[in-house]
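This is what each chain is made of:
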Protein chains: 2
Amino acid sequence: MYKFEHVRHKPPTELKVERLLIVACSPLRSHVNLSTIFRTAGCCGVREIIATGNAKLIGKIARDGAEHVRLTTKNSLIPVLKKLKQEDYTLVGLEQTTNSTQLSRYCFPKKTVIVVGSEREGLSQECLDLLHAVVEIPVWGLPYSYNVATATSMAMYEYCRQHPAG
Amino acid sequence: MYKFEHVRHKPPTELKVERLLIVACSPLRSHVNLSTIFRTAGCCGVREIIATGNAKLIGKIARDGAEHVRLTTKNSLIPVLKKLKQEDYTLVGLEQTTNSTQLSRYCFPKKTVIVVGSEREGLSQECLDLLHAVVEIPVWGLPYSYNVATATSMAMYEYCRQHPAG
């Protein structure tokens, strides 16, 4: 008898209600980053990702996330964020800004849009102006900034930690 | 006056004591995955990563993590894990197994080694047999398994959430 033994094909955790979490991405230069976000989103039971710019998925990286998470592509995030705001979504940016809240201290409302910036420029001021809150992941050492897919995955993890049943 | 404004070069969070967290990786096929783990480790203030197999860092991905996190390469994880166990490190595997604990419910001791499996095979039974605990990140949807660098980053995030000052 082994204490710890691999369990392949363990049933996933059940969502009692649909996840009302959307991830909205500024134009990402790297298809690897977008695809990595899709794989994590698939695992987290996220239903929709809004992408801008040249949004292309690499199937080998996104895996089933490519089929199970809806990809909505837009020319700009601004109109869709305004629309989601009217639909009572809370818009939460992931960025290092003034008046930001530490990710783990922020209580995510169920209806949340995590708004993600571009690799280099982050979120535009126009986007920042629409947000209800900005969350920030602490850094303790160089390079002082997380990869965008890593940071987005940590934010999804934190949301799911707070809302395990959806 | 903007409510949220970019803050570049914000000072990092201060560690009161050195992080006693080590990440130990089974042979990883992908240098991208190892390099991604290094970037996150650098940001989290992790001092050492033990890698096995053909461990090579891609500077563009690992960034300053490549210089600021010590890379120790070994032929096998078993002897080094046994040594760390003798030095009172708690060995915590990241895997889907019997008797695993949900990542967010596990209280990490400060002196922890997060033991990471290979992309396809995960942790070997020989490794599993040495562990004090196994943590598992819940999944809610397909592909039912996180990318290894994503999962390791989530585990580092959770450790740091519990030990913000080191």
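Details of the structure are given in the entry above.
Every value quoted in this text rests on a predicted model; they were computed, and no experiment measured them. (Residues numbered from 1 in each chain as written. Chains lettered and ligands numbered in written order. Predicted model: local features only at pLDDT ≥ 70, side-chain atom pairs only at ≥ 80, totals over all residues.)

**Observations regarding helix α6 (residues 148-162) of chain A**
Part 1 of the argument: Taking 1.5 Å as the rise per residue, α6 of chain A with 15 residues should run 21 Å; its terminal C-alpha atoms sit 21 Å apart, in good agreement.
Part 2 of the argument: Burial analysis of α6 of chain A places 14 of its 15 residues in the buried class, the great majority of the element. (Helix = DSSP H or I, 4+ residues; strand = E, 2+ residues; numbered from the N terminus. Expected span 1.5 Å × (residues − 1). Buried ≥ 20, exposed ≤ 12 C-beta atoms within 10 Å, placed from the backbone.)

**Here's the deal with the sheet that holds strand β4 (residues 90-94) of chain A**
Residue and element names in this part refer to chain A.
Part 1 of the argument: On the basis of which strands lie adjacent, the open sheet formed by seven strands has the order β3-β2-β1-β6-β4-β7-β5 and parallel pairing. The open sheet has two edge strands with one neighbour each: β3 (70-74) and β5 (101-102).
Part 2 of the argument: Inspection of the sheet shows β4 paired to strand β7 (residues 133-136) by three bridges, in the parallel sense. Counterpart to Leu94 in the pairing with β7 is Val135.
Part 3 of the argument: On the sheet, α6 packs against β1 (21-25), β4, β6 (112-116) and β7 and is oriented at approximately 165° with respect to β6. (Pairing = 2+ DSSP bridges. Contact = placed C-beta atoms within 7 Å. Axes fitted to C-alpha atoms, helices over the stretch in contact; angles between N-to-C directions.)

**What to know about the relation of the copies chain A and chain B**
Part 1 of the argument: When chain A is fitted to chain B, the best match, at an RMSD of 0.0 Å, comes from turning it 180° and sliding it 0.0 Å along the axis. The superposition operator between the copies reduces to a two-fold rotation axis.
Part 2 of the argument: Interface overlap between copies: 100% of the residues of chain A at the interface are likewise at the interface in chain B, consistent with a symmetric, same-surface contact. (Least-squares fit on C-alpha atoms with pLDDT ≥ 70 in both.)

**Let's talk about the interface of chain A and chain B**
Part 1 of the argument: Listed per partner, the contact involves 49 residues of chain A and 49 residues of chain B.
Part 2 of the argument: Listed by contribution, the elements that provide at least two residues to the side of chain A that touches chain B are α1 (31-44), α3 (65-68), α5 (125-128) and α6 of chain A.
Part 3 of the argument: Per-class residue counts for the side of chain A that touches chain B are 21 nonpolar, 20 polar and eight charged. (Nonpolar A, V, L, I, M, F, W, Y, C, P; charged D, E, K, R; others polar.)

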